[in-house]
Amino acid sequence: MARLGPVHWAMMAFAAIPAPALADECVQEKAVYGDMDDAYELRFEPVDSEAAATSNKFKFSVRNTPIVADGVVMRSDDQLRANGLIMFNCPEGDVTGADLRACTVWQGMIYASDLKGNIGVLPAEGAGAAARLFLPALGPSIRESSIWGKGKATVAPWDVLTLKGCGE
């Protein structure tokens, strides 16, 4: 009987991951993503019809804490870029730029990837869910935000989140 080396075990483990089928079966507005440390969850939800400038929205939660931040995605005019924003405890009504900066956890482009590493734009509602999301500088931004500290986030995520489920 032949012994399997580490590369063979890794290939077998990767083959057993159901993400490709899940990505084919799940639409973007129901997609649920997680980081590799299982410290964060990004859960998309349908956009309300009155939010015309918003193409996608999501909740971003820090696992094992009560922290749930709101996220929105706005498309560029050419629809080729998806600008994302994660906000926590933002005041309502008339707010200043300083107020908004204080409650912003992360802002930047959100990129989608398939399992082969091909990068593209975040799928719109109704389209199949991306296998992975790339949020550049997410970890460093969290460390500098209001959700970081004792009783809050204490693990900075990698910038890549992987599809782990499909919500209702």
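This structure is a prediction, so every number in the text was calculated from the model and none was measured.

**Q** Is there a simple way to think about the packing of aromatic side chains in this case?
**A** Note on aromatic pairs: each is described by the distance of the centres and the angle between the planes. All chains considered together, the criterion is met by 4 aromatic pairs. By way of ring pairs, the aromatic residues Tyr33, Phe44 and Phe58 are connected into one cluster.

**Q** When you look at the side chain of Ser145 in this model, what are you seeing that I'm missing?
**A** Of note, Ser145 is situated in the loop between α4 (138–143) and β10 (160–166). Here Ser145 is in contact with Thr104 and Val105, once residues within four sequence places are set aside.

**Q** How do you make sense of the pattern of salt bridges when you look at a structure like this?
**A** Side chains bearing opposite charge may pair, as long as their charged atoms lie close to each other. Applying the stated criterion across every chain yields a total of 6 salt bridges. In this structure, Glu41 engages Lys164 in a salt bridge whose closest nitrogen and oxygen atoms are separated by 3.2 Å. One end of the pair, Glu41, is in strand β2 (residues 40–45); the other, Lys164, is in strand β10, with 123 residues separating them in the sequence. The exposure class of Glu41 is buried, given its relative accessible area of 13%.

**Q** Please clarify how the environment of Pro91 should be interpreted in this entry.
**A** If you trace the backbone, Pro91 turns up in the loop between β5 (82–87) and α3 (97–103). Here Pro91 falls in the partly exposed class, since its relative accessible area comes to 40%. Those residues in contact with Pro91 that lie beyond four places of it in its chain are Asp99 and Cys103.

**Q** Looking at this structure, how should I read the environment of Asp38?
**A** Counting through the fold element by element, Asp38 comes out in the loop between β1 (31–34) and β2. The class of Asp38 is partly exposed, set by a relative accessible area of 39%. For the pair Asp38 and Pro157, spaced 119 residues apart in the sequence, the C-alpha separation amounts to 8.8 Å. Apart from residues lying up to four places away in sequence, Asp38 is in contact with Arg63 and Lys164.

**Q** Got a minute to help me understand the pairing of β5 in this structure?
**A** One ladder, built from 6 bridges, connects strand β4 (residues 68–75) with β5; its direction is antiparallel. Bridge pairing in β5 links Val72 to Leu85. Adjacent in sequence and paired antiparallel, β4 and β5 are bridged by 6 residues, among which Gln79 carries a positive phi angle near 65 degrees. Alignment of β5 against strand β6 (residues 104–109), held across 5 bridges, turns out to be antiparallel. Residue Gly84 lies in a different strand from β6, and its bridge partner there is Gly108.

What counts as what
- Residues numbered from 1 in each chain as written.
- Predicted model: local features only at pLDDT ≥ 70, side-chain atom pairs only at ≥ 80, totals over all residues.
- Heavy atoms only, no water.
- Phe/Tyr/Trp six-rings, centres within 6.5 Å; stacked < 30°, edge-to-face > 60°.
- Helix = DSSP H or I, 4+ residues; strand = E, 2+ residues; numbered from the N terminus.
- Contact = heavy atoms within 4.5 Å.
- Salt bridge = Lys/Arg side-chain N within 4 Å of Asp/Glu carboxyl O.
- Buried < 20%, exposed > 50% of the residue type's maximum accessible area, 1.4 Å probe, protein only.
- Pairing = 2+ DSSP bridges.

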